[in-house]
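If you want the building blocks of each chain, they are given just below.
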Amino acid sequence: MDFNLKKLTSDAGVFFTRAVQFTEEKLGSAEKTELDAHLENLIARADCTKNWTEKIFRQTEVLLQPNPSARIEEFFYEKLDKKIPSRTTNGELLGQYMLDAAKDFGPGTPYGSTLITVGEYQSRLGGAEREFLQTSAINFLTPLRNFLEGDWRTISKERRLLENRRLDLDICKARVKKAKQAEAKAAAEPDFQETRPRNYVLSASASALWSEEVDKAEQELRVAQTEFDRQAEVTRLLLEGISSTHVNHLRCLHEFVEAQATYYAQCHQYMQELQKELSSANSDTYPNSFASNANPSTSATCPSPVSSATLPGVSPPCLASTSTPGIAREPSGPLKIQDVQQPSTGHRKAKVLYDYDAHDTSELSLLADELITVYTVPGMDPDWLVGERGNQKGKVPVTYLELLS
């Protein structure tokens, strides 16, 4: 081990001198060299960039991986320069569970076949999520991490060096000031009328020594000023590079948003396809479920899917070719709440559980604990019913109601 006692002592002395200068500046007993306004603005901008980049980076990590234990595990793998093991997404795991359950329930049963269909789409959603996570990590997280662990560390190192150069400069300025004051005091002490020449000689010798000390201090000041100016220029060039960092992060942000848009578009497409398949499967499994309840003297068409919002023991009105009480709408047109007529049978009383504010004219506002009349009509979302209160009529959410017998 190369142990240089002289260098160690010198470094300790420099560190102590800088610490004294820094403390005196904080206490206001020593002068401090201020940086120029442009450099101060660059430093403030760099600090702002670092702080917000760090917050955005951490929160993006939470968004992509909500599990803190998994994030810690990935952090250790990165520090050990090891490949992060592939982790199954929640969607893929759910899909696998559904497929395994379908094998036990029987793939030929309605429930088993539906589990297979939903499980396959859940696996697709999980695969889309995996691709999104990988793309975001490469195109967005990695550049932010490279800035924090690379460029910013270099900037911080040069800024610390600049602060040390400034402290050295102020120490030299203080030394020159003290040497000049001592020189002036020594020069003022000799008295040419002094009858004792020995005192004069001693005073003149002290003045010469302080003059040499002033020259030496001024030389050190010039060196310190040169080093400070050089380091300030290096730091300024690095800080001006923050603008290019912003441009790079802007490009990465666009790529992150593009990856998000692609991921959500895939999810929407998969869910639409799944809904179509489930609707088709329900039509095949439960054809004309309510046909037996329709009037045999009329040629009626009933909705094939079984609605979970249908009231127990009530047959929904059908679209008949003859004149029958029910709803009046165009065969291919949208459902119009105002044209819906209360069926002669199948309506029930319901108690409102919570207050509800209508979002548009097709909905009915509700007050907790009030009683209203509700019924269902074909073509409506199963989570909604038609509610009536006096002359008011509109859609009401099923979850806000308690159906009374």
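Residues numbered from 1 in each chain as written. Predicted model: local features only at pLDDT ≥ 70, side-chain atom pairs only at ≥ 80, totals over all residues. Heavy atoms only, no water.

### Section: the nonpolar core
Side chains that are nonpolar tend, in soluble globular proteins, to be buried together. We apply this condition: The criterion is simple. A nonpolar core is a set of buried Ala, Val, Leu, Ile, Met, Phe, Trp, Tyr and Cys residues joined through side-chain atoms within 4.5 Å. Remark: exposure states derive from per-residue accessible area (1.4 Å probe, protein chains only) relative to the maximum for the residue type, with buried under 20%, exposed over 50%, and partly exposed in between. The helix count covers DSSP runs of H or I at least four residues long, the strand count covers runs of E at least two residues long, and both are numbered beginning at the N terminus. Two residues form a contact once any of their heavy atoms are found within 4.5 Å.
Counting 37 residues, the largest nonpolar core has L35, L39, F132, L162 and L239 as the members making the most contacts within it. When residues of this core are traced back to their parent elements, those giving at least two are α2 (37–64), α4 (90–105), α5 (110–188), α6 (197–240) and α7 (242–285). In terms of residue count, the dominant contributor to this core is α5 (16 residues). Sequence-distant contacts of L39, that is, excluding residues within four places in its chain, are made with L162, A232, R236 and L239. In this structure, L364, L366, M380 and W384 belong to the second largest nonpolar core, which totals 16 residues.

### Side note on a nonpolar patch on the surface
Operational definition: In this analysis, a patch consists of residues with relative accessible area above 30% that form no salt bridge, clustered at 9 Å for like charges and at 5 Å for the nonpolar side chains Val, Leu, Ile, Met, Phe, Trp and Tyr. Surface exposure here means Shrake-Rupley accessible area, sampled with a 1.4 Å probe, where a residue is shielded only by the protein chains that are shown. By convention in these notes, a salt bridge is any Lys or Arg side-chain nitrogen within 4 Å of a carboxyl oxygen on Asp or Glu.
A grouping of L250, L253 and V257 is seen on the molecular surface, where their side chains present a nonpolar patch of about 260 Å² in accessible area. Turning to its location among the elements, V257 is positioned in helix α7. Looking at V257, the relative accessible area reads 46%, which means it is partly exposed.

### Examining the environment of S244
What counts, and what does not: Counted as a polar contact is a pair of N or O atoms within 3.5 Å, where, for protein atoms, one must be capable of donating a hydrogen and the other of accepting one, and residues adjacent in sequence contribute only when both atoms are in side chains.
Within the secondary structure layout, S244 lies in helix α7. Residue S244 is classed as partly exposed on the basis of its relative accessible area of 47%. At a separation of 2.6 Å, a polar atom in the side chain of S244 contacts the main-chain carbonyl oxygen of G241.

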